[in-house]
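# Descriptive analysis of the structure
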Amino acid sequence: MKQLWCAVSLLAGSLLWSTTALAQTPPPVSAAPDTSVLLQQMEQASLNLNYEFAYINVSRVGIESLRYRHAVINHQSYVQLLQMDGPRREVIQRGNEISYFEPGLDPFSLPGDHIIDALPSLVFADFKQLSANYDFIAVGRARVADQMCEVVRVVSRDGTRYSYVAWLDMDTKLPLRIDLLDHDGETLEQFRVTSFAVDEGVRTVMQGLQKANLPPVLSVPQGDKVSLAWQPEWLPAGMKLVAQNRREIPALSKTVESRLYSDGLFSFTINVTPADKNSVTQILRTGRRTVQTEVRDNSEITVVGELPPATAKHIADSVNLGSQQ
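Notes on the structure in this doc start here.

Rules used throughout
Residues numbered from 1 in each chain as written. Predicted model: local features only at pLDDT ≥ 70, side-chain atom pairs only at ≥ 80, totals over all residues. Heavy atoms only, no water. Phe/Tyr/Trp six-rings, centres within 6.5 Å; stacked < 30°, edge-to-face > 60°. Lys NZ or Arg CZ within 6 Å of the ring centre and 35° of its normal. Pairing = 2+ DSSP bridges. Helix = DSSP H or I, 4+ residues; strand = E, 2+ residues; numbered from the N terminus. Axes fitted to C-alpha atoms, helices over the stretch in contact; angles between N-to-C directions. Contact = heavy atoms within 4.5 Å. Core = buried A, V, L, I, M, F, W, Y, C linked by side-chain atoms within 4.5 Å. Buried < 20%, exposed > 50% of the residue type's maximum accessible area, 1.4 Å probe, protein only. Polar contact = N/O pair within 3.5 Å; in protein donor to acceptor, adjacent residues only side chain to side chain. Arc of directions from axis to C-beta. Salt bridge = Lys/Arg side-chain N within 4 Å of Asp/Glu carboxyl O.

One pass over the structure, following the stated rule, counts ten aromatic pairs. Through a chain of ring-to-ring contacts, the aromatic side chains of Tyr51, Phe53, Tyr55, Tyr68, Phe191 and Phe196 assemble into a single cluster. Geometry around tryptophan 167 places arginine 177 over its ring, the cationic atom sitting 4.1 Å from the centre.

Encoded structure:
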């Protein structure tokens with residue numbers, strides 16, 4: 001099973017791209033908050049305030065305890081993500097360079113505008129873009145980390161994706177809790193802040209990163225432009241093609257053709273390879289990620305991504321193999 005997931009990670013990972021917010025006076029209890037504005041304020045607060053989170057990530061694989069520091073110095077973002085338990089794992093962001101420090105591995109840096117999987121992807125979403133295909137629903141108010149929060153639910157209109165519930169601090173608009181829910185309302189993942197600070201002290205602590213000796217940025221090769229004969233005939237509303245490529249995977253002894261799609265909140269890849277004696281139709285799911293494999297017309301079609309199983313199967317079934325048939 002681990003070998004299968006490693007192969008899947010390789011397939012999906014080859015395509016993945018990787019004004020201070022004003023404190024608002026809480027509206028009267030009877031007033032209905034503008035949920036779109038609240039979510040945009042969350043995004044701006046997360047990008048522009050100087051703050052520190054102590055938080056936990058809860059998922060089907062366990063509980064992680066982490067610390068996240070963010071500061072803006074000379075109009076540039078500085079971020080430190082630190083795993084608090086077990087071996088020291090640290091990620092540093094300085095501007096558009098993100099450096100990774102893991103036990104047993106040489107440190108390296110990659111280009112990027114935020115640390116992937118540090119905070120939920122909802123935090124960095126473009127809500128104006130999402131508003132075409134998602135509803136933002138005010139749920140009420142609740143208390144998290146000893147702070148009163150506005151609670152907002154984010155739901156796709158066509159019902160083909162998971163939903164989010166976000167608890168936003170009423171003063172700073174920072175996210176203090178975010179739950180990812182499946183169609184039955186069951187929590188798949190939870191981001192929960194246990195304590196936080198918003199002050200200039202965080203900025204002072206982070207200033208040392210300005211002159212820190214970080215590993216050089218690795219060059220990411222640009223894939224050749226390719227034309228693929230196959231395509232899906234059905235996609236969830238708002239999903240757009242982000243990238244596509246064809247490559248050899250030595251570990252699998254196969255040529256793999258891939259397309260990456262995203263709606264700005266969730267993403268997935270479709271991978272098509274020649275079928276062999278080990279190819280079987282199957283579905284695997286771990287938390288938010290689903291792997292749906294279908295064998296058809298001497299081809300193995302695999303959908304990998306942040307999708308409910310029924311949606312992943314619908315996409316796989318819709319793939320028209322074109323001249324590969």
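Across a sheet, paired strands are connected by hydrogen bonds in the backbone, their directions being either parallel or antiparallel. One open sheet accounts for six strands, arranged S13-S14-S15-S18-S17-S16; its pairing is antiparallel. Edge positions in the sheet fall to strand S13 (240-249) and strand S16 (282-286), since each of these pairs with one other strand and no more. Direction aside, neighbouring strands of the sheet carry axes that sit 15 degrees apart on average. Alignment of S16 against strand S17 (residues 289-296), held across five bridges, turns out to be antiparallel. Following the sheet pairing, arginine 285 is matched in S17 by threonine 290. Of the strands in this sheet, strand S15 (267-274), S16, S17 and strand S18 (299-305) touch helix H5 (residues 309-318), which is tilted by about 30 degrees from S17.

Another aspect to go through is the nonpolar core. Within the largest apolar cluster, 62 residues are counted, with the highest numbers of intra-cluster contacts made by Phe53, Tyr68, Leu122, Leu265 and Ile270. Per-element accounting of this core gives the leading share, five residues, to strand S9 (residues 163-169). Ignoring sequence-local partners within four residues, the contact set of isoleucine 270 consists of Trp230, Pro232, Glu257, Ser258, Arg259, Tyr261, Ile301, Thr302, Val303, Ile315 and Val319. One finds Ile73, Tyr78, Val202 and Leu209 within the second-largest nonpolar core, a separate group that totals eight residues.

Secondary-structure assignment places glutamate 294 in strand S17. A distance of 2.6 Å separates polar atoms of two side chains, one belonging to glutamate 294 and the other to arginine 296. Once you skip the residues sitting within four places of it in the chain, glutamate 294 turns out to touch Thr281, Ser299, Glu300, Ile301, Ala316 and Asp317.

Turning to the pairing of strand S5 (residues 97-101), a few remarks are in order. Note: strand S4 (residues 90-94) against S5, five bridges, orientation antiparallel. Each residue of the ladder has a partner; that of glutamine 93, found in S5, is isoleucine 98. As consecutive antiparallel partners, S4 and S5 are separated by two residues, and within that stretch glycine 95 has a phi angle of approximately 65 degrees, a positive value. In the sheet, S5 pairs with strand S6 (residues 108-111) via four bridges, with the strands oriented antiparallel. Bridging across to S6, isoleucine 98 finds its partner in leucine 110.

Tracing the backbone through its elements, the reader meets aspartate 135 in strand S7 (residues 134-144). When its relative accessible area of 31% is taken as the criterion, aspartate 135 is described as partly exposed. Counting along the chain gives 100 residues from aspartate 135 to threonine 35, while the straight-line C-alpha distance between them is 9.3 Å. Residue contacts for aspartate 135: discarding those within four places in its chain leaves Arg153, Val154, Val155 and Arg157. A distance of 2.7 Å separates polar atoms of two side chains, one belonging to aspartate 135 and the other to arginine 157.

At histidine 75, a position not held by glycine, the phi torsion is positive, near 65 degrees. Its place among the elements puts histidine 75 in the loop between strand S2 (62-73) and strand S3 (76-83). One non-glycine residue, aspartate 117, lies in the positive phi region at around 70 degrees. Relative to the elements of secondary structure, aspartate 117 occurs in the loop between S6 and helix H3 (127-130). You can call aspartate 117 exposed: its relative accessible area is 58%.

Helical periodicity: at 3.6 residues per turn, an α-helix aligns residues three or four positions apart in one direction. Buried residues of H5: Thr311, Ala312, Ile315, Ala316 and Ser318, and no others. Down the axis of H5, the sector holding all buried residues measures 165 degrees, keeping them to one side. Contacts made by the buried residues of H5 are with strand S12 (231-232), S15, S17, S18 and strand S19 (319-320).

One pass over the structure, following the stated rule, counts 18 salt bridges. The partner of arginine 177 in a salt bridge is aspartate 179, and the shortest N-O contact between them spans 2.8 Å. Per residue, the accessibility class of arginine 177 equals that of aspartate 179, and both read buried. Close ionic contact of aspartate 182 with arginine 285 constitutes a salt bridge, the shortest N to O distance being 3.9 Å. Of the two residues, aspartate 182 sits in the loop between strand S10 (175-181) and strand S11 (187-198) while arginine 285 sits in strand S16, which places them 103 residues apart along the sequence. Judged by relative accessible area, aspartate 182 falls into the buried class, the value being 7%. Via salt bridges that share partners, Asp158, Arg161 and Asp263 belong to a single interconnected network.

Nothing here speaks to function; it is all geometry.
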